[in-house]
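# Coordinate analysis (summary)
Below are the chains, spelled out letter by letter.
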Amino acid sequence: MTITTIYYSYTGVTRGVAQKVQAACGGEIIEVKSVKPYSKLTAYTTGCYRAARGEADEIEPATIDVAASDVIVIGTPVWMLRAAPAINGAVEALAGCEGKTAVLFATCGGAAKDTLPHLAEALAAKGVTTAAMVVLTTEDVQDAEKIDALIEAVKSAGN
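Here we summarise the structure given alongside this text. Keep in mind that this is a model prediction, so the values were computed, not measured.

## Digging into the layout of surface pockets
When its volume is computed, the largest pocket comes out at roughly 320 Å³. Thr11, Pro77, Val78, Thr107 and Cys108 are, among the 20 residues lining the largest pocket, the residues nearest its centre. Within the residue set of the lining of the largest pocket, elements represented by two or more residues are α1 (13–25), α2 (40–52), β6 (71–79), β9 (101–108) and β10 (129–137). Of the residues assigned to the lining of the largest pocket, the class counts are 12 nonpolar, eight polar and no charged. Here the second largest pocket defines a volume of roughly 210 Å³. Lining of the second largest pocket is provided by 13 residues; of these, Gly54, Asn88, His118, Leu119 and Ala122 occupy positions nearest its centre. Put simply, the parts of the chain that give the lining of the second largest pocket at least two residues each are β7 (82–83), α3 (85–93) and α4 (115–124). Partitioning the lining of the second largest pocket into residue classes produces five nonpolar, four polar and four charged.

Here is the structure:
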């Protein structure tokens, strides 16, 4: 089973989780970055506003080819109860994703609300089936059992 882990991380929390998933499951790991990076001020103003509206940032890499992967793991921080705009851009940038399976995770300070269902809906429009959705709070990212449950969801998604 070939896995590609795609993530955006503003503070490093989502990056840490993505790296643990990749270390345990193997495969490629891709960090998505906004072409126009956010400052502390614009992350909480412009970025959150764009996230709430479901808008996508222009990202690097501009195209993410997952044709060789069986499972796509996508990690996002929660901004205004939605996926970060860079992850919306990553979904738009996916190529070769039709018929693939995804595992989604979100990191947040508290509630994720509809973050992952909205992301799953956008992936479904591209022909991707979501096998699992995992929300990790600030406390959860320090809990080995919670991280292990995410890793197990990724391993199970390819079977």
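## A word on the environment of valine 17
Mapped onto the elements of the fold, valine 17 is located in helix α1. Assessed through its relative accessible area of 2%, valine 17 is described here as buried. Distance in space between the C-alpha atoms of valine 17 and glutamate 60 is 20 Å, their sequence separation being 43 residues.

## Digging into the packing of aromatic side chains
Think of a pair of aromatic rings as described by two things: how far the centres are apart, and how the planes are tilted against each other in angle. One pass over the structure, following the stated rule, counts three aromatic pairs. Ring centres of tyrosine 10 and tryptophan 79 lie 5.9 Å apart, and the angle between their planes is 85 degrees; this geometry places the pair in the edge-to-face category. Of this pair, tyrosine 10 sits in the loop between β1 (3–7) and α1 while tryptophan 79 sits in strand β6, placing them 69 residues apart in sequence. Under the relative-accessibility criterion, tyrosine 10 is labelled partly exposed at 26%. Relative to tryptophan 79, the ring of tyrosine 38 lies with its centre 5.4 Å away and its plane at 75 degrees, an arrangement referred to as edge-to-face. Pair noted here: tyrosine 38 is in the loop between β3 (33–34) and α2 and tryptophan 79 is in strand β6, with a separation of 41 residues, a long-range link.

## Let's talk about the packing of α1 against helix α5 (residues 144–157)
Running from N to C, α1 and α5 cross one another at 50 degrees; their axes reach a closest spacing of 10 Å. The angle between α1 and α5 falls in the class oblique. Note that α1 runs across α5; the crossing there is right-handed. For the pair α1 and α5, the contacting residues are Val17, Lys20, Val21, Ala24 and Cys25 in the first and Ile147, Leu150, Ile151, Val154 and Lys155 in the second. Looking at side-chain class alone, the contact of α1 with α5 contains eight nonpolar, no polar and two charged residues.

## Digging into the nonpolar core
The biggest cluster of nonpolar side chains holds 34 residues, and the ones touching the most others in it are Ile6, Ile64, Ile74, Trp79, Leu104, Leu119 and Leu123. Residue assignment for this core shows that the elements contributing at least two residues are α2, β6, α3, β9 and α4. Tallying contributions element by element places α3 first for this core, with five residues. Leave out the neighbours within four places in its chain, and tryptophan 79 touches Tyr8, Tyr10, Tyr38, Ala43, Gly47, Cys48, Ala51, Ala84 and Pro85.

Definitions and limits used
- Residues numbered from 1 in each chain as written.
- Predicted model: local features only at pLDDT ≥ 70, side-chain atom pairs only at ≥ 80, totals over all residues.
- Heavy atoms only, no water.
- 1 Å grid on protein atoms, 1.4 Å probe; cavity = no way out; pocket = protein on both sides within 12 Å on 5 of 7 lines; lining within 4 Å.
- Points joined across faces, edges and corners; volume = space filled by probe spheres on them.
- Helix = DSSP H or I, 4+ residues; strand = E, 2+ residues; numbered from the N terminus.
- Nonpolar A, V, L, I, M, F, W, Y, C, P; charged D, E, K, R; others polar.
- Buried < 20%, exposed > 50% of the residue type's maximum accessible area, 1.4 Å probe, protein only.
- Phe/Tyr/Trp six-rings, centres within 6.5 Å; stacked < 30°, edge-to-face > 60°.
- Axes fitted to C-alpha atoms, helices over the stretch in contact; angles between N-to-C directions.
- Parallel < 35°, antiparallel > 145°, perpendicular 65-115°, else oblique.
- Left-handed = near helix turned anticlockwise from the far one by under 90°.
- Contact = heavy atoms within 4.5 Å.
- Core = buried A, V, L, I, M, F, W, Y, C linked by side-chain atoms within 4.5 Å.

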